[in-house]
Amino acid sequence: MSNNDLNDVLGWSAEERFDFFLDQVVEEKEIWILVNDENQFLKLYSEEDGLEYLPVWPRAEFAADYSSDTDELQPKSVPLPQFLKKWVPGLTKDGLEVGVFPGADDTLWVTGPAELESDLQEALSAAF
């Protein structure tokens, strides 16, 4: 994906990026997160909403762009089956939401892990 395409997508609304995320994840069967050198995943806290969330991306390029101002984080792929089987229950247990695909303006679609799982299952069903 070229830088222009990347910037175009990052400029979309949170809802448009969420739909793009679902399409890409269904196609590629992976979700991207950011981790540090100790393999600890990035989680963010929104003071405005009072919640912690795991930011996720549909492709490595978007995660890398988000962390481009630091050398401490790198994109890591989570296979979709592993995300659904292990991450969703873990995030739910830990009380973490999922921040889907932060954009250029720092807007994102925040959803619960079970809701994201349902949306992904629905998108998977529609694809086949």
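Look above for the structure.
What counts and what doesn't
Residues numbered from 1 in each chain as written. Predicted model: local features only at pLDDT ≥ 70, side-chain atom pairs only at ≥ 80, totals over all residues. Heavy atoms only, no water. Pairing = 2+ DSSP bridges. Helix = DSSP H or I, 4+ residues; strand = E, 2+ residues; numbered from the N terminus. Axes fitted to C-alpha atoms, helices over the stretch in contact; angles between N-to-C directions. Expected span 1.5 Å × (residues − 1). Buried < 20%, exposed > 50% of the residue type's maximum accessible area, 1.4 Å probe, protein only. Contact = heavy atoms within 4.5 Å.

Enquirer: Got a minute to help me understand the sheet that holds strand 2 (residues 44-46) in this structure?
Expert: Sheet strands pair by backbone hydrogen bonding; their relative direction is either parallel or antiparallel. Within the open sheet, the four strands sit side by side as 2-3-5-6. Their pairing is mixed. The open sheet has two free edges, formed respectively by strand 2 and strand 6 (109-111), since each of these has just one partner strand. On average, each strand axis in the sheet is tilted by 40 degrees relative to the strand beside it, whichever way the strands run.

Enquirer: Got a minute to help me understand helix 4 (residues 80-94) in this structure?
Expert: In an α-helix, one turn spans 3.6 residues, which is why side chains three or four residues apart end up on the same side. The end-to-end C-alpha separation of helix 4 is 20 Å, in line with the 21 Å expected for 15 residues at 1.5 Å each. Residues of helix 4 that are buried: Leu80, Phe83, Leu84, Trp87, Val88 and Leu91. Structurally, helix 4 contributes buried residues whose contacts are with helix 2 (14-28), strand 1 (30-35), strand 3 (51-56), strand 4 (74-79), strand 5 (97-100) and helix 5 (113-127). Where helix 4 terminates, the next one or two residues include Gly95, which has phi positive at roughly 75 degrees.

Enquirer: Could you clarify how one ought to interpret the pairing of strand 3 in this entry?
Expert: Remember that side chains alternate between the two faces of the sheet whenever the strand is regular. As paired strands, strand 2 and strand 3 are joined by three bridges and run antiparallel to one another. Across the sheet, Tyr45 pairs through a bridge with Glu52, a residue of strand 3. Two elements, strand 3 and strand 5, share four bridges in a ladder whose sense is parallel. Within the sheet, the bridge partner assigned to Leu54 lies in strand 5 and is Val98.

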